[in-house]
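# Summary of the model geometry
Okay, here's what each chain looks like letter by letter:
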Amino acid sequence: MKSVEYPSVREMNDDQRIGIVKDIFASVTDKYDFLNRVLSGRRDVAWRKRTVFEMNFFKTNRFLDVATGTGDLALDCANNYPNVNVTGVDFVQEMVNKGIEKVGFQNLNDRVELKWGDATQIDFDDNSFDVTAIAFGIRNIPDKVKALTEMKRIIVDNGQLMVLELTTPEPGFWRNTYSFYLNGVLPKLAKWFTKNPAAYEYLADSIMNFPTRKEFLSLMESVGLKNCKSIPLTFGICTLYIGKKRIRDKKLNGERK
Ligand SMILES: C[S@@+](CC[C@H](N)C(=O)[O-])C[C@H]1O[C@@H](n2cnc3c(N)ncnc32)[C@H](O)[C@@H]1O
């Protein structure tokens, strides 16, 4: 079997990175859910559950899951909110296909639609969802501002934009332990289970190179989101970020407020 190697995240240009991300997810699709559960000790399930718990539907009763992968967050949302219609988009068709199978198994075809779509060019009208989220996807997108701006565009005023992402704990014991797990243990574990263990070296690299919590909150504010907050989960190895779309300036008596 030919082994794959990827350059370090810092050495890739944006197009290379997008190509590598597509290659990785197309090659790990079959084992993706299984590896998520094993390598995170099922924490990924709890982190998505927390994300769904924080959602607030109040106008359109629609949720858009960006970079939906095999649809786990989309399905969790649909199972928790029986009145909500869910759409999930991802730019790797193999992942979407797997997700569509899962939607069918759970008999949710009437409320959950998964399809091909790019986070940096979302094919929906402005103000059409109450909530949008991206789980473990933003790390893989070089132009994060573009993706966040698109996500903000499609939610209603006061709608929520959520980002769930793997992060690094504050410097100290947990950070050192986590770094050892990511760089030493995880790629070896992945070798037993996947045809593409380099995907898990990329995973470690991309997590270590992700912006700090403070930097990411500033990025969210820079696209015009308000009330931005971060919720560290499991010693900070994952973080849930939540921001709201600013209410549009209203014209009162012909004057701008
Ligand atoms: C780690 S998986 C996360 C999948 C899923 N959200 C979950 O919770 O398991 C990352 C996903 O992001 C997708 N992705 C990365 N960049 C994307 C983009 N620009 N547009 C759409 N999907 C993207 C990949 O194809 C992959 O399925």
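Notes on the structure in this doc start here. (Residues numbered from 1 in each chain as written. Predicted model: local features only at pLDDT ≥ 70, side-chain atom pairs only at ≥ 80, totals over all residues. Heavy atoms only, no water.)

Moving on: the layout of surface pockets. A volume near 190 Å³ is recorded for the second largest pocket. Here the lining of the second largest pocket is composed, by residue class, of 5 nonpolar, 3 polar and 3 charged. (1 Å grid on protein atoms, 1.4 Å probe; cavity = no way out; pocket = protein on both sides within 12 Å on 5 of 7 lines; lining within 4 Å. Points joined across faces, edges and corners; volume = space filled by probe spheres on them. Nonpolar A, V, L, I, M, F, W, Y, C, P; charged D, E, K, R; others polar.)

Relative to the helices and strands, Ser-206 is located in helix 7 (residues 198-208). Classification of Ser-206 by relative accessible area gives buried; the value is 2%. Among the polar contacts listed, one links the side chain of Ser-206 to the side chain of Arg-139, at a separation of 3.1 Å. If sequence neighbours within four positions are ignored, Ser-206 has contacts with Val-9, Arg-17 and Arg-139. (Helix = DSSP H or I, 4+ residues; strand = E, 2+ residues; numbered from the N terminus. Buried < 20%, exposed > 50% of the residue type's maximum accessible area, 1.4 Å probe, protein only. Polar contact = N/O pair within 3.5 Å; in protein donor to acceptor, adjacent residues only side chain to side chain. Contact = heavy atoms within 4.5 Å.)

Moving on: helix 1 (residues 14-40). In this model helix 1 runs just 28 Å from its N-terminal to its C-terminal C-alpha over 27 residues, more than 12% under the 39 Å that 1.5 Å per residue would give. Where helix 1 bends most, the angle comes to about 80 degrees, and this point is Thr-29. Where helix 1 is concerned, the buried positions are Arg-17, Ile-20, Val-21, Ile-24, Phe-25, Val-28, Thr-29, Tyr-32, Asp-33, Leu-35, Asn-36 and Leu-39. Packing partners of the buried residues in helix 1 comprise helix 2 (43-53), helix 3 (72-80), helix 4 (93-105), helix 6 (173-193) and helix 7. Where helix 1 begins, the side chain of Asn-13 points an oxygen toward the backbone nitrogen of Asp-15, at a separation of 3.2 Å. (Expected span 1.5 Å × (residues − 1). Bend = angle between axes of the 7 residues up to and from the residue.)

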